[in-house]
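Descriptive analysis of the structure
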Amino acid sequence: MTAWMSTDHGDLVVRAPGRVRVSARVPVRTVAVCAALLALTAGVSVAALMLGKVTYSPAEVLRTLTGDGTRVSELFIVRWRLPRAVAAVVLGAMLGVAGALFQCITRNPLGSPDVIGFTAGASAGGVAMITFVGSGFAVVAGGALAGGLVVTLLVVLLSRGGGTAGFRLVIVGIGLNAMLVAVETYLYLVADSDISQIAAVWGAGSLNAVSFRHTGPALVVGAVATLVVCAGLQRALPLFDLGEDVATALGVRPARLRMLLVLGGVVLVAVVTAAAGPISFVALAAPHVGRRLAGASGTALAPAACAGALILASADLVAQHAVPGIALPVGVVTVAVGGLYLLTLLVRENRKGTL
């Protein structure tokens, strides 16, 4: 029989009896926040399935998802709208986890893959593959992963001497980001008009053409990678947040863990970029939102994932219906809102003296 115990710190301790006793500490507030964020995400996703040129009621959506809908409702809801809604949730969660990993590595609130240049590197690698090789998922994913890893190496090398945290790393990342945007623009200009148009649409970050047939593998890989990263780093990250000296004393290898964090974050960003193009600022905002709501002092992967899913699902819903008759790329919405969030974050951190 499973035993549940409550602590003075607002945690639940779960103990399974038997020869081997397993004990797990679960913060109640974190569980409640994640549940609330998931409920809001589900509501946004249902709204995305309901709204469009043909509007359906929640009951009609439920009947269609359970197989009792008409052929027309199945076409609109299951074939056209459901893949996009699922992609927004899964890719948003991946971006939230990736942002939390990079902020943990850099120990800087601006240390997201968007600001430091990892997203731009993955985007440039994907555009290069589309321009010179082809637009297949495996090819684009390989190019995005290679681009992200190259930028990772450059950022580490160029910020050497100032550490891998703080203002210097952010400045190096911003400089590389600007250079990569220039490279991407050059690729658009030298490519054929048809290929350039495909690359430009992909580079805007869009879920308009998402389908289970083409992006299903990316969603499966991304969901599995996110779960593996969260489960594998659940115990080591709190120790790493205490500082490298303390983590070493407690049995953690900081250099090895840092490499795993970088690889995990780059893989998540590369998969998202390959599936939907570069989607900016979700990875920056989601960890902050999740951490503040959960009241966590260190890296909180689960709240970051739930916040990322809600942010991207909401942004895509706005992108679809903000302008009547036009489905905007979701990247346009995240850049517009994320730019304001970045300015607010810069002002707040500057007042605190952390930048």
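Coordinates for the structure precede this section.
Residues numbered from 1 in each chain as written. Predicted model: local features only at pLDDT ≥ 70, side-chain atom pairs only at ≥ 80, totals over all residues. Heavy atoms only, no water.

**So, the packing of aromatic side chains**
Rule in force here: Only centres within 6.5 Å qualify two rings of Phe, Tyr or Trp (six-membered ring in Trp) as a pair; their planes then separate them into stacked at under 30 degrees, edge-to-face at over 60, and tilted for everything else. Numbering of helices and strands runs from the N terminus, with a helix taken as a DSSP run of H or I at least four residues long and a strand as a DSSP run of E at least two residues long. Burial here depends on accessible area, computed with a 1.4 Å probe over protein chains only, as a share of the maximum for the residue type. Under 20% is buried, over 50% is exposed, and the range in between is partly exposed.
In total, this model carries three aromatic pairs according to the counting rule given. Considering the side-chain rings of Tyr 56 and Phe 76, the 6.5 Å spacing of their centres and the 55 degrees angle between planes classify their relative orientation as tilted. Within this pair, whereas Tyr 56 is found in the loop between helix H1 (28-50) and helix H2 (58-65), its partner Phe 76 is found in helix H3 (residues 71-106), the two being separated by 20 residues in sequence. The exposure classification of Tyr 56 matches that of Phe 76, with both residues buried. Relative to Phe 118, the ring of Phe 102 has its centre 4.5 Å away and its plane inclined at 15 degrees; by these criteria the two rings are stacked. Residue Phe 102 is located in helix H3, and its partner Phe 118 is located in helix H5 (residues 118-132); the two are separated by 16 residues in the primary sequence. Look at Phe 102 and you get buried, because its relative accessible area is 2%. Look at Phe 118 and you get buried, because its relative accessible area is 6%. Joined through ring pairs, the aromatic side chains of Tyr 56, Phe 76 and Trp 80 make up one cluster.

**Quick notes on the packing of H1 against helix H14 (residues 301-321)**
As a reminder, the rule being used: Axis lines are fitted through C-alpha atoms, for helices just across the contact stretch, and the angle between N-to-C directions can take any value from 0 to 180 degrees. An angle below 35 degrees is read as roughly parallel, one above 145 as roughly antiparallel, one from 65 to 115 as roughly perpendicular, and any other as oblique. Helix crossings are classified by the rotation of the near helix relative to the far one: an anticlockwise turn of less than a right angle makes the crossing left-handed, while a clockwise turn makes it right-handed. Residue contacts are counted whenever heavy atoms from the two residues lie within 4.5 Å of one another. Lys, Arg, Asp and Glu make up the charged group, whereas Ala, Val, Leu, Ile, Met, Phe, Trp, Tyr, Cys and Pro make up the nonpolar group; the residues left over, Gly among them, are polar.
Running from N to C, H1 and H14 point in directions that differ by 20 degrees, and their axes come no closer than 9 Å. Looking at the two axes, H1 sits roughly parallel to H14. Handedness of the crossing formed by H1 with H14: left-handed. Facing H1, whose interface residues are Thr 30, Cys 34, Leu 37, Leu 38, Leu 40, Thr 41, Val 44, Ala 47 and Ala 48, H14 presents Ala 302, Pro 303, Cys 306, Ala 307, Ala 309, Leu 310, Ala 313, Ser 314, Leu 317 and Gln 320. Looking at the contact of H1 with H14 residue by residue, the classes come out as 15 nonpolar, four polar and no charged.

**Re the pattern of salt bridges**
Convention followed: Salt bridge, as applied in this entry: a Lys or Arg side-chain nitrogen positioned within 4 Å of an Asp or Glu carboxyl oxygen.
Taken as a whole and assessed by the stated rule, the structure comprises one salt bridge. Ionic pairing is found between Arg 84 and Asp 316, a salt bridge with its closest N-O pair at 2.8 Å. Of the two residues, Arg 84 is situated in helix H3 and Asp 316 in helix H14; the sequence distance between them amounts to 232 residues. We note that Arg 84, like Asp 316, is buried.

**Comments concerning H5**
Keep this limit in mind: One less than the number of residues in a helix, times 1.5 Å, gives the span that helix is expected to have.
Counted at 1.5 Å a residue, the expected span for H5 with its 15 residues is 21 Å, and the 21 Å between its end C-alpha atoms agrees. With 13 of its 15 residues buried, H5 lies for the most part within the structure.

**Looking at the nonpolar core**
Put simply, the rule reads: The definition of a nonpolar core used throughout is a set of buried Ala, Val, Leu, Ile, Met, Phe, Trp, Tyr and Cys residues joined through side-chain atoms within 4.5 Å.
Leu 91, Leu 101, Leu 207, Leu 233 and Leu 261 are the most contacted members of the largest nonpolar core, which totals 73 residues. Sorting elements by how many residues they give to this core places H3 first, with 14 residues. Once residues lying within four places of it in the same chain are set aside, the contact partners of Leu 233 are Leu 101, Pro 238, Leu 257, Leu 261 and Leu 301. Judged by nonpolar contacts, the second largest core, of ten residues, contains Val 127, Ala 128, Ala 141 and Trp 202.

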